[in-house]
Amino acid sequence: MKRGRSRNGLVLGIAVLAVCLAAGTAAAAQQKKEKTAGKPHAEPAPEKLFAVPKPPFTPGIFPCSDCHKEMKPNPTRRELKDEHTGIVLNHAQGQRWCLDCHDVSNRDKLRLVNGERIGHEESYRLCGQCHGDKYRDWRAGIHGKRTGMWNGEKQYLLCVHCHNPHDPQFKPIPPMPPPTRPEDTK
Amino acid sequence: MPNQESRDNAAFRMSRRKMMKGVGAVLGALALPEKDASASVWEEFFQKHFREMSKPELEKVLARLEKEYAKTYGKAVKVRATPHIEGVSYGYGLDLSRCIGCRRCVYACVQENNQSRDPQIHYIRVLQLDKERGVDLEHAEHYYNPSKVPEKGHFYMPVQCHQCELPPCTKVCPVQATWKERDGIVVVDYNWCIGCRYCMAACPYGARHFNWKKPGLPAAEMNPETHYLGNRPRPVGVVEKCTFCIQRVRNTPGRYTACVEVCPVGARKFGNLLDPESEIRYIIENKRVFILKEDLNTQPKFYYFYAT
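Everything numeric in this text was worked out from a predicted model, so none of it was measured.

Regarding the overall build of chain B
And then number 1: A count of helices and strands for chain B gives 10 helices and 12 strands.
And then number 2: Computed over its C-alpha atoms, the radius of gyration of chain B comes to 25 Å, more than 25% above the 19 Å expected for a compact globule of 308 residues.
And then number 3: Across its three principal axes, chain B shows a C-alpha extent of roughly 105 × 40 × 40 Å.
And then number 4: Counting contacts in chain B only where the partners sit at least 6 residues apart, residues at least 24 apart contribute 65% of the total.

Take a look at the structure:
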């Protein structure tokens, strides 16, 4: 009887040990899995802010509140007749107008679709709402011009440094002169 | 009375051997640089191959070149011989879906790398190709000159040195004046090059250029930050090529190449192939990439890609 109980105890002990061991290995494996799960190119969190040069405002236009703070906001979609007539929207113009990107209550801010207000220096987040693939490439340093150090600090540019936000497509530019033909070499 | 034989022995006998020696000595003396015979001419003549020089020898050579260039161009010129960075192999990406063929890169390169303005040497050749034909080099045009680029129905493909992993150009050099460095850059020692131009014939990308005349480099436009294996002023009669701006990229931190910096559409990408976090690795892993003339097995480190 005594012997049987001790044997039972032994079996129980072994069982407990085995369960503990198994759990331990499983936990370790789980941990390892989590560690290696990171992709070789882990994307930076969208919230990560990029240091960029100052946004290229038209001289004298910013802060917008200089003029707008005295004005009552008019949220009706319309063609602007008195001011900003130089801005011709050529950027999905059928689907949006000024206040889809510019915040109605704080004129110095931009507005994301979720209602968050952001400064112009973060405007890449606004563009990235629609152009997710470009935003992803831009963050990885592929889309857009990158200057600075290849193995050091890199200089990012805002989307609007190259693309006019109201008319973003690149315009053709004059090429530099072609090379001299061999027969024209003196 | 001495016989004929002994008289002949005593007299001056002009043998063929003596004659040749004399002619050689006279010609040699005539070939000596007379007017501008300075110590530097001799030092240059007896300069060793770049890779065989000891550190003090190299420093002496660099100092001599700096002095020479300073005299020629009237300003302080720095000639460095910065070695490769361990664990770095340079790779280049060019986005064919972005390039508009504006040739800004061509001229930024000329400025940075002190190429001859007249006669003209360009390291980068921008090819205009038909969208319908794709990459068909038979129908490439690089003298295109419309008022505005890009032109409808065309795309543009800049070609420069591809810094091959198996460079055919270095194999054919009879004097080993050109070789691939540890970081993958194919370089030329202008003081060792004999100007035979075999490498130009061997290069399938037309990336090597010969100085048929003394390079026309205006002193005001001369870039004084130079590298021995890169953009230092070249003498007449040597071959030169793109070195991924070796004078810029071999520093820590090192600047991007001049062509990357100037590209107005951001089509040019540059980085370390051995760094998994680099831009070039992202391109190779995530984009459609091709190399030019893959069938030749030159294994270029210049990757064309389509970002969209």
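From this point on, the discussion continues.
Quick word on the overall build of chain A
And then number 1: When you go through chain A residue by residue, the secondary structure sums to five helices and four strands.
And then number 2: Within chain A, the proportion of its 186 residues that are buried is 9%.
And then number 3: Long-range pairs, those at least 24 residues apart, make up 52% of the contacts in chain A with a sequence separation of at least 6.

Digging into the sheet that holds strand S12 (residues 302-306) of chain B
All names here are of chain B.
And then number 1: Strands sit in the order S10-S2-S12-S11 across an open sheet of four strands; the sheet is mixed. At either end of the open sheet lies a strand with only one pairing partner, and these are strand S10 (268-272) and strand S11 (288-290). Neighbour-to-neighbour, the strand axes of the sheet open up by a mean angle of 30 degrees, direction not taken into account.
And then number 2: Pairing of S11 with S12, which is carried by three bridges, proceeds in the antiparallel orientation. Residue pairing for S12: valine 289 is matched across the bridge by phenylalanine 305.
And then number 3: Strands in contact with helix H10 (residues 279-286) are strand S2 (90-95), S10, S11 and S12; relative to S10, the strand with the most contacts, it is inclined by about 110 degrees.

Quick look at the interface of chain B and chain A
As a measure of interface size, the accessible area lost when the parts come together is often cited.
And then number 1: If you look at the interface, chain B gives 37 residues, while chain A gives 28 residues.
And then number 2: Broken down by secondary-structure element, the contributors of at least two residues to the side of chain B that touches chain A are helix H5 (104-112), S10 and H10 of chain B.

Quick notes on the confidence of the model for chain A
And then number 1: Across chain A, the average pLDDT comes to 81, with 74% of residues at 70 or higher.
And then number 2: Segment residues 31-39 of chain A: pLDDT under 50, and zero contacts once partners within four positions in sequence are set aside and those in other chains are kept.

Looking at helix H4 (residues 55-73) of chain B
Residue and element names in this part refer to chain B.
And then number 1: Given a rise of 1.5 Å per residue, 19 residues ought to cover 27 Å, and the 26 Å separating the end C-alpha atoms of H4 matches this to within 8%.
And then number 2: Of the positions making up H4, those classed as buried are Val61, Leu65 and Tyr69. For H4, the buried positions fall inside an angular range of 65 degrees around the axis, keeping them on one side. Among the exposed residues of H4, those oriented more than 90 degrees off its buried face are Pro56, Glu59, Ala63 and Lys71.
And then number 3: Check the buried side of H4 and you find it contacts strand S1 (78-80).
And then number 4: Directly after H4, the chain includes glycine 74, whose backbone phi takes a positive value near 65 degrees.

Here we look at the pairing of S2(B)
Residue and element names in this part refer to chain B.
And then number 1: Counting buried residues in S2 gives six out of six residues, a clear majority hidden from the surface.
And then number 2: Side-chain alternation along S2 places Tyr90, Tyr92 and Leu94 on one buried face and Gly91, Gly93 and Asp95 on a second face that is also buried.
And then number 3: One ladder, built from five bridges, connects S2 with S10; its direction is antiparallel. Paired with glycine 93 across the bridge in S10 is lysine 269.
And then number 4: Pairing analysis gives four bridges linking S2 to S12, with the strands arranged parallel. By the bridge assignment for S12, aspartate 95 is matched with phenylalanine 305.

Notes on the environment of Leu30(B)
Residues and elements named next belong to chain B.
And then number 1: Inspection of the secondary structure assignment puts leucine 30 in helix H2 (residues 16-31).
And then number 2: When the 8 C-beta atoms within 10 Å are taken as the criterion, leucine 30 is described as exposed.
And then number 3: Expressed as a C-alpha distance, the spacing of leucine 30 and asparagine 211, which sit 181 residues apart in the sequence, is 26 Å.

Quick look at the confidence of the model for chain B
In low-pLDDT regions, the fine details of the predicted coordinates are not to be read closely.
And then number 1: Within chain B, residue pLDDT values average 93, and 94% of them lie at 70 or more.
And then number 2: We note a pTM of 0.82 for the whole complex and an ipTM of 0.83 for its interfaces.

Notes on the nonpolar core
And then number 1: Counting residues in each nonpolar core, the largest one holds 65 residues, and the members touching the most others are Cys105(B), Cys109(B), Ile124(B), Phe244(B), Ile246(B) and Cys259(B).
And then number 2: Top element by residues in this core is H5(B). It accounts for five residues.
And then number 3: Setting aside chain neighbours within four positions, we find Ile124(B) in contact with Cys105(B), Val106(B), Cys109(B), Pro158(B), Gln160(B) and Cys259(B).
And then number 4: In terms of nonpolar packing, the next biggest core, distinct from the first, is built from seven residues, Leu126(A), Cys127(A), Trp138(A) and Leu158(A) among them.

Remarks on unusual backbone geometry
Residue and element names in this part refer to chain B.
And then number 1: Omega for the bond connecting aspartate 118 with proline 119 falls within 30 degrees of zero, at -5 degrees, which places this linkage in the cis form.
And then number 2: A cis amide bond, omega -5 degrees, links threonine 252 with the succeeding residue proline 253.
And then number 3: Position of proline 253 relative to the elements: it lies in the loop between helix H8 (246-249) and helix H9 (258-262).
And then number 4: The phi dihedral of arginine 103 is positive, around 65 degrees, even though this residue is not glycine.
And then number 5: With respect to the helices, strands and loops of the structure, arginine 103 is situated in the loop between S2 and H5.
And then number 6: When the 24 C-beta atoms within 10 Å are taken as the criterion, arginine 103 is described as buried.
And then number 7: With a phi angle near 65 degrees, arginine 197 is a residue other than glycine that sits in the positive phi range.
And then number 8: Inspection of the secondary structure puts arginine 197 in the loop between strand S6 (186-188) and helix H7 (198-202).
And then number 9: Residue class for arginine 197 comes out partly exposed when judged on the 16 C-beta atoms lying within 10 Å of it.

Conventions used here
- Starting from 1, residues in each chain are numbered consecutively following that chain's sequence as written.
- Starting at A for chains and at 1 for ligands, labels are handed out in the order in which the entities are written.
- The predicted nature of this model means local features are confined to residues of pLDDT at least 70 and side-chain atom pairs, given and counted, to a pLDDT of 80 or more, with totals for whole chains, interfaces and linings taken over all residues.
- What counts as a helix is a DSSP run of H or I of at least four residues, what counts as a strand is a run of E of at least two, and both are numbered from the N terminus.
- When we talk radius of gyration, it's over C-alpha atoms, and the globule rule is simply 2.2 Å times the number of residues to the 0.38.
- For every residue pair, C-beta atoms are placed from the backbone, and the pair is scored as a contact if these atoms sit within 7 Å.
- With C-beta atoms placed from the backbone, a residue is labelled by how many other C-beta atoms lie within 10 Å of its own: buried for 20 or more, exposed for 12 or fewer, partly exposed between the two.
- DSSP-based pairing: two strands are paired if at least 2 bridges between them are found.
- Axis definition: a line fit to C-alpha positions, over the contact stretch in the case of helices; interaxial angles, taken between N-to-C directions, run 0 to 180 degrees.
- A score from 0 to 100, pLDDT tells how confident the predictor is in each residue.
- For a helix, the expected span equals 1.5 Å multiplied by the residue count minus one.
- The arc in question is the one spanned by the directions pointing from the helix axis to the C-beta atoms.
- Think of a nonpolar core as buried Ala, Val, Leu, Ile, Met, Phe, Trp, Tyr and Cys residues chained together by C-beta atoms that fall within 7 Å.

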